[in-house]
Amino acid sequence: MISSLLLPLLIQSATPYGSPIDPVLRPSEPKPEASEVPPPPQQVVPKPKSPEDIRFDQCIDQAAEDSGRGLLDANKWQIEGGGYLARNCLGFAYAELQQWDKAIPEFVQSAEGAQAAGDDRAAIFWSQAGNAALAKADYPLALDYLRAALNQGTLDGLLKGEIHLDMARAFVALDQYDQAKAQFAWVHEIVPEDPLGWLLSATLARRMGDLALAKSDIAVAAKLVATDPAIALEAGNIAYEAGDVLSAKSNWEQAVKFGPDSEPAKAAARYLAQLVDGVED
């Protein structure tokens, strides 16, 4: 008999982009203020960056390229009075070093400072705090910060969708599946082209025993990314759960073909071996 361990948990599942936890988001540029009557394209002049914004960009770039050096630069800027932007860069440098205990309070203080200053980047800074708390596996705290990001009312599109995706992950980790399912519904509405959202919602549906929804969601993911080993792996898991061993085998073989050295392919290879053992037994 094939081991019941064949079906991995959602929070352990691989994704099309590697780890189920995204790296901490880089802060985005402030959103430009919309005017009621936009000027003709030839009259649009980018707003010049302030010296503080220029230094902020340089600090973030340095932290991304060399996190140790970035940490030194951010600390120096903070001592010089860099305020919430310096704190955000400091948090980013700590995040690059995966020192979540130190990154989280810096992100929180930078978000609070940006919010007090009326800086639209407050939402991004809150999302960074939530993302870092998620990486630390402090799921209730992650939800608090992610909600704070949404409450700013300045996010849309991909960034807003990623907030809901991270909230779904946190709810799954807390075994609050209905809340997670509701968050995935937001992800699908806001960023329907995101295969990761469909992959993880399919895995959740399988765990909840809704195989019809799982099949539907994984089909969308496969349509968006046809040769991803993580999607093929999950398609095999769903097929196996539904009792379709031939389809499970076919999908797992595809997972191995699509990314032989990837973690999803290695899991698929183990499952294929278990199928062989089951037949021999």
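Refer to the structure printed above.
Residues numbered from 1 in each chain as written. Predicted model: local features only at pLDDT ≥ 70, side-chain atom pairs only at ≥ 80, totals over all residues. Heavy atoms only, no water.

Applying the stated criterion across every chain, the model contains one disulfide. Across the disulfide from Cys 59 sits Cys 89; the S-S distance is 2.0 Å. Since a negative S-S torsion denotes a left-handed disulfide, the Cys 59-Cys 89 link at about -95° is left-handed. Placement of the pair is Cys 59 in helix H1 (residues 51-65) and Cys 89 in helix H3 (residues 83-96), with a sequence separation of 30 residues. For Cys 59, a relative accessible area of 5% puts it in the buried group. Judged by relative accessible area, which is 0%, Cys 89 ranks as buried. (Disulfide = S-S within 2.5 Å. Helix = DSSP H or I, 4+ residues; strand = E, 2+ residues; numbered from the N terminus. Buried < 20%, exposed > 50% of the residue type's maximum accessible area, 1.4 Å probe, protein only.)

Between its first and last C-alpha, helix H10 (residues 211-224) extends 20 Å over 14 residues, near the 20 Å set by a 1.5 Å rise per residue. Taken together, the buried positions of H10 are Leu 211, Ala 214, Asp 217, Ile 218 and Ala 221. Taken around the axis of H10, the buried residues stretch over an arc of 125°, which confines them to a single face. Seen from the buried face of H10, the exposed residues on the opposite side, beyond 90 degrees, are Ala 212 and Lys 223. Of the surrounding secondary structure, the elements contacted by the buried residues of H10 are helix H8 (177-190), helix H9 (195-207) and helix H11 (229-241). (Expected span 1.5 Å × (residues − 1). Arc of directions from axis to C-beta. Contact = heavy atoms within 4.5 Å.)

Moving on to the pattern of salt bridges. For the structure on display, the rule yields 13 salt bridges. Salt-bridge contacts for Arg 121 lead to Asp 53; the nearest nitrogen and oxygen are separated by 3.0 Å. A residue pair is termed long-range when its members are at least 10 positions apart, and Arg 121 in the loop between helix H4 (100-116) and helix H5 (122-135) and Asp 53 in helix H1 qualify at 68 residues. This pair shows no difference in class: Arg 121 is buried, exactly as Asp 53 is. A salt bridge links Asp 73 to Arg 69; the shortest N-O distance between them is 3.4 Å. (Salt bridge = Lys/Arg side-chain N within 4 Å of Asp/Glu carboxyl O.)

The next thing to look at is the side chain of Glu 106. Its place among the elements puts Glu 106 in helix H4. Relative accessible area serves as the criterion here: at 12%, Glu 106 is assigned to the buried category. Only 2.8 Å separates the side chain of Glu 106 from the side chain of Arg 87, close enough to count as a polar contact. Not counting residues within four places of it along the chain, the set of residues in contact with Glu 106 comprises Arg 87, Leu 90, Gly 91 and Tyr 94. (Polar contact = N/O pair within 3.5 Å; in protein donor to acceptor, adjacent residues only side chain to side chain.)

Once that is clear, we can look at the packing of H8 against H9. Where H8 meets H9, the axes come as close as 10 Å, and the angle between the chain directions of the two elements is 150°. Judged on the interaxial angle alone, H9 and H8 are roughly antiparallel. Crossing geometry of H8 relative to H9 is assigned as left-handed. Residues Tyr 177, Ala 180, Lys 181, Phe 184, Val 187 and His 188 of H8 touch H9, and the partners they reach there are Gly 197, Trp 198, Leu 200, Ser 201, Leu 204 and Arg 207. (Axes fitted to C-alpha atoms, helices over the stretch in contact; angles between N-to-C directions. Parallel < 35°, antiparallel > 145°, perpendicular 65-115°, else oblique. Left-handed = near helix turned anticlockwise from the far one by under 90°.)

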